[in-house]
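Residues per chain, in single letters:
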Amino acid sequence: MASPITEIVKPGNAGAGKSWIDHIQKDLPEHLEWWPYTLGAIPLTLFGILVATGLLLTFYYVPSPEKAYESVDEITNGVYLGWFVRGLHKTSVDLMILFLLFHVIRVFLTRGYRAPGELKWVSGSIVLFVTFAMGFTGYSLVFDNVSYWGMTVVTNMIGTFPVAGPPLLYLLRGGEEVSGITLLRLYDLHTKLLPVLLGGLVLGHVVIVRLMGFADVEASRRFHPFYPEHTLKMGAVAVGLLVLMVDVVMIFPPVLGPPANPQEVASDVSPPWYFSAPYMWISLLPGPLALWSLMGGAGLFVLYPFIDRALAERRWPMALVNGVVAAAVVAGMVILMYLDMQM
Amino acid sequence: MGFGLLFGIGTLGFRFLQFLVPNRKKRQAEAVLIGAESRIPLNEAVPMDLGGQKIVVLRTAEGIAAFSRRCTDLGCLVSWSKERELFVCPCHQGTFDKTGLNIAGPPPRPLDRLPIVKRGDQLYVNIQSA
């Protein structure tokens, strides 16, 4: 497959006897030697693992309310290495979100989204949101008690948005209640629509980064070649990551909660860690305020490069502002997660 | 031609979207027998599932009342806490008093109350069944 990257790089490097390396070669600014600049390649690696393990899981998973939990149980406890494949899938999504957040923090602190890189930020932030949607639809499929009530609560949250909310709720649930149709819809989203969307977005994000180039950093004058230096560094990080993941899956094999019970809410309905902070947020604030502040926060997040530009024009010390904002948001999330653990 | 093409694809897309929306079932009022009043102990609430609708019937000194168990916040199911004399939602700690009024936590309105009809010794709850 001719990737768009090769198409783009070709004109500069066209010529007879060129190897494929010349097509991906690019002079990167030397500041990219600093290891946090490989943080974006980690989610990319994890995305690959998620696709592979996800494909394997579909060979056993049955998306029906009667069979879903049973099939996950069979994968976890019956199928040869099933626990490992499911564990790898689960750990990959946890780590993908974690490293996406690290990557966001790195870009935010170094203000890598400044012109002409706004599109890099906007496309990347959509990747983050779609990944969250993958996380939600994924843990719904397990169909244990946390899945069932998570589905109920999250779809209800969508239903509370004005105008578009109620029809969207009906469309997503395929009816008025969470049912087998809902599970099938979430399964379709998780295994077909969202992965294709996410794959496209990730590819788009990488292409945009290659096209737009990297943000200027003062005193970063010399060059750091993409191949072999940067690819080697990313490769080393990916190998280290794989070793870490295999260890994590073996030490913490995947578990399965009690099966979904539509008659009784699970005693502990805490969602996965990455939804823990917004979950506490909506518990602490009155409904509409919590939802609107979450939506507003997400909007500000996507549009941050433009806010930064407007404030920088008014001579705000943006490096300092970003440092304070990042510290406050991370501290707030940690506090909310801690409160969730206490309850 | 461009406009025609867009219009064609647009209407087709709209039809596909309609395909994804299942038919709404007509709802009709129905009185469902829930048994004799004496079946429900004083100051206790009995949860019931009437064809998918989860309700709770509470008997207090003031009388008997039926509520939908669906929390008005985000749709989890409330349970009666006998000690606290409150309905509690485990999802986001919303609480309702014995009249169904939302008194703490995120719920924006009281629990939905269902009318109870007494015929002889037997109690009937009016629900909207699908």
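Treat the numbers as computed from the prediction; the structure is a model and nothing was measured. (Residues numbered from 1 in each chain as written. Chains lettered and ligands numbered in written order. Predicted model: local features only at pLDDT ≥ 70, side-chain atom pairs only at ≥ 80, totals over all residues. Heavy atoms only, no water.)

Here the focus is the overall build of chain A. Secondary structure summary: chain A contains 14 helices and 2 strands in total. Computed over the C-alpha atoms, the radius of gyration of chain A is 22 Å, within 12% of the 20 Å expected from 2.2 N^0.38 for a compact globule of 343 residues. Summarising its shape, the C-alpha atoms of chain A cover approximately 65 × 50 × 35 Å along the three principal directions. Counting only residues that meet the buried cut, chain A has 44% of its 343 residues in that class. Carbon and sulfur atoms form 72% of the exposed surface of chain A, whose accessible area is close to 17,900 Å². Here chain A contributes 20 positively and 24 negatively charged side chains, and the mean placements of these two sets differ by 11 Å. (Helix = DSSP H or I, 4+ residues; strand = E, 2+ residues; numbered from the N terminus. Rg over C-alpha atoms; globule rule 2.2 N^0.38 Å. Buried < 20%, exposed > 50% of the residue type's maximum accessible area, 1.4 Å probe, protein only. Areas by Shrake-Rupley, 256 points an atom, 1.4 Å probe, with all protein chains shown as cover. Lys, Arg positive; Asp, Glu negative; His and termini not counted. Charge placed at Lys NZ, Arg CZ, Asp CG, Glu CD.)

Our next topic: the sheet that holds strand β1 (residues 28-36) of chain B. Residue and element names in this part refer to chain B. Taken in spatial order, the 3 strands make up an open sheet running β1-β11-β10, and their pairing is antiparallel. Each edge of the open sheet is held by one strand with a lone partner, namely β1 and β10 (116-119). Pairs of neighbouring strands in the sheet enclose a mean axial angle of 35 degrees, with direction left out of account. Where β10 lies against strand β11 (residues 122-129), 4 bridges are found, and the strand directions are antiparallel. (Pairing = 2+ DSSP bridges. Axes fitted to C-alpha atoms, helices over the stretch in contact; angles between N-to-C directions.)

Before going further, it helps to examine the packing of helix α5 (residues 82-110) of chain A against helix α6 (residues 118-141) of chain A. All names here are of chain A. For the pair α5 and α6, interaxial distance at closest approach is 11 Å and the crossing angle is 155 degrees. As judged from the angle between their axes, α5 and α6 are roughly antiparallel. For the element pair α5 and α6, the recorded crossing hand is left-handed. Taken together, the residues of α6 that come into contact with α5 (itself represented by Met96, Ile97, Leu100, Leu101, Val104, Val107 and Phe108) are Trp121, Leu128, Thr131 and Phe132. A class-by-class count of the residues in the contact of α5 with α6 yields 10 nonpolar, 1 polar and no charged. (Parallel < 35°, antiparallel > 145°, perpendicular 65-115°, else oblique. Left-handed = near helix turned anticlockwise from the far one by under 90°. Contact = heavy atoms within 4.5 Å. Nonpolar A, V, L, I, M, F, W, Y, C, P; charged D, E, K, R; others polar.)

All right, on to the interface of chain B and chain A then. With 21 residues of chain B at the interface, the matching set in chain A holds 25 residues. Both faces combined, the contact of chain B with chain A buries some 2,000 Å², and carbon together with sulfur accounts for 54% of it. It is Arg24, Leu74 and His92 of chain B in chain B that bury the most area against chain A; as a group they hold 27% of the surface buried on that side. Applying the counting criterion to the chain B and chain A interface returns 3 salt bridges. For glutamate 264 of chain A, the salt bridge is made with arginine 69 of chain B, and the minimal N-O distance between the two is 3.2 Å. Inspection of the chain B/chain A interface yields 10 residue pairs in polar contact (both at pLDDT 80 or more). Considered class by class, the residues forming the side of chain B that touches chain A number 10 nonpolar, 5 polar and 6 charged. (Buried area = accessible area lost by both parts, 1.4 Å probe. Salt bridge = Lys/Arg side-chain N within 4 Å of Asp/Glu carboxyl O. Polar contact = N/O pair within 3.5 Å; in protein donor to acceptor, adjacent residues only side chain to side chain.)

Many analyses report the size of an interface as the accessible area lost when the parts associate. Residue and element names in this part refer to chain A. Domain annotation for chain A reports domain 1 (4-8 + 25-265) and domain 2 (270-343). Centre-to-centre separation of domain 1 and domain 2, based on C-alpha positions: 20 Å. Contacts between domain 1 and domain 2 engage 27 residues on the former and 27 residues on the latter. With both chains or domains summed, domain 1 and domain 2 bury close to 2,300 Å², and 79% of this area falls on carbon and sulfur atoms. With its nearest N and O atoms 2.3 Å apart, the salt bridge here joins glutamate 118 to arginine 309. Across the contact surface, domain 1 and domain 2 share 8 residue pairs in polar contact (both at pLDDT 80 or more). (Domains from an automatic or database assignment.)

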